[in-house]
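Chain residues, written in single-letter form:
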Amino acid sequence: MLMVHGLGAGTRSWDPIVEDLAEHREVIAVDLPGFGETPALAGEVSIASLTDSVTEFIREQGLDGVSTVGQSMGGRIVLELARRGVGGDTVALDPGGFWSDREQAVFGATLRPSIALVRALRGALPSLLGNPAGRTLLLAQLSARPWALPRDTVLPDVLGLADSPSTRDALNALTKGPKQEGAPAGTAPGRVTIGWGRRDLVTVPRQAARATELFPDAVLHWFERCGHFPQWDSPREATRLILDSTS
């Protein structure tokens, strides 16, 4: 299976679940352009251009029919792959792109200050995220129970938000670009599963209805007591969902 991360750490975003997945599947996790170890795109950063880069990787590596798994922006990218007929089974966790105009504006207005804050606190992040109060302060928008998370689970993604050269451009693509298009019934290359956290404050739960309307073949799974990162808040359940929904 091919794992596609959201804004943040790149491949390390999957650290809480990748070893368990690798016991049952051959797992390939990619760093999108401008994240992790991959250089930024030379041209426009958009959902379309990021999806193009993943499509090119799949074709170059001979991975036609590979199952794809993504979270947040990565969830949107794997749904776009499915819409294009690329890949096989698809699992999208709390995907972006299904907001109303107002929700999209709120998303940008709340996340931009959060990113500016973590950049300003860059040097202190390991210490701040090392105690429950600091995690609660910094991650209340992202996790249903930030105080309960280990520092090493959340630190890579938070550092990625601060350090990745494409964070700003990718956020602009999400908040100012077009919304996600859908795939008519029977057109996706494999099964489509969408997982959503009941307590997601980034892509709020009511957006799930729009996602399943645009992807009518999709099966919707709800993560209870879970925020925007199922691999943080519900790692065992996320692992089980991914394995059960892919081949």
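All of these numbers come straight from a predicted model, not from anything done at the bench.

Q: Help me understand the sheet that holds strand β2 (residues 28–30) in this model?
A: The pairing of strands in a sheet happens through backbone hydrogen bonds and is either parallel or antiparallel. Read from one edge of the open sheet, 6 strands run β2-β1-β3-β4-β5-β6, paired in parallel fashion. Either end of the sheet is taken by a strand with one partner, and the two such strands are β2 and β6 (219–223). In this sheet, adjacent strand axes meet at a mean angle of 20° when their direction is disregarded. Bridge count between strand β4 (residues 90–93) and strand β5 (residues 192–197): 4 bridges; the pairing is parallel. Across the sheet, Ala92 pairs through a bridge with Ile194, a residue of β5. Contacting β1 (2–4), β3 (68–71), β4 and β5, helix α3 (residues 73–84) runs over the sheet at an angle of about 145° to β3. Contacts from helix α11 (residues 235–244) reach β3, β4, β5 and β6 within the one sheet, and its direction differs from that of β6 by about 170°.

Q: So what exactly am I meant to see when it comes to the layout of surface pockets here?
A: Gaps between atoms show up when a probe of the same size as a water molecule is rolled over them. Its volume calculated, the largest pocket comes out at about 210 Å³. Lining the largest pocket are 15 residues, and of these Ala9, Arg12, Pro156, Leu159 and Gly160 sit closest to its centre. Tallied by class, residues from the lining of the largest pocket come to 5 nonpolar, 5 polar and 5 charged. The computed volume of the second largest pocket comes to approximately 180 Å³. Considering the residues around the second largest pocket, the lining is formed by 13 residues, among which Ile47, Ala48, Arg76, Glu80 and Pro178 are closest to the centre. Every element with two or more residues in the lining of the second largest pocket is listed here: α2 (47–60) and α3. Looking at the lining of the second largest pocket residue by residue, the class counts come to 4 nonpolar, 3 polar and 6 charged.

Q: Quick question: what am I supposed to make of α11 here?
A: Among all positions in α11, only Ala238, Thr239, Leu241, Ile242 and Leu243 are buried. Of the surrounding elements, those touching the buried residues of α11 are α1 (15–22), β3, β4, β5, β6 and α10 (230–233).

Rules and cut-offs
- Residues numbered from 1 in each chain as written.
- Predicted model: local features only at pLDDT ≥ 70, side-chain atom pairs only at ≥ 80, totals over all residues.
- Heavy atoms only, no water.
- Pairing = 2+ DSSP bridges.
- Helix = DSSP H or I, 4+ residues; strand = E, 2+ residues; numbered from the N terminus.
- Axes fitted to C-alpha atoms, helices over the stretch in contact; angles between N-to-C directions.
- Contact = heavy atoms within 4.5 Å.
- 1 Å grid on protein atoms, 1.4 Å probe; cavity = no way out; pocket = protein on both sides within 12 Å on 5 of 7 lines; lining within 4 Å.
- Points joined across faces, edges and corners; volume = space filled by probe spheres on them.
- Nonpolar A, V, L, I, M, F, W, Y, C, P; charged D, E, K, R; others polar.
- Buried < 20%, exposed > 50% of the residue type's maximum accessible area, 1.4 Å probe, protein only.

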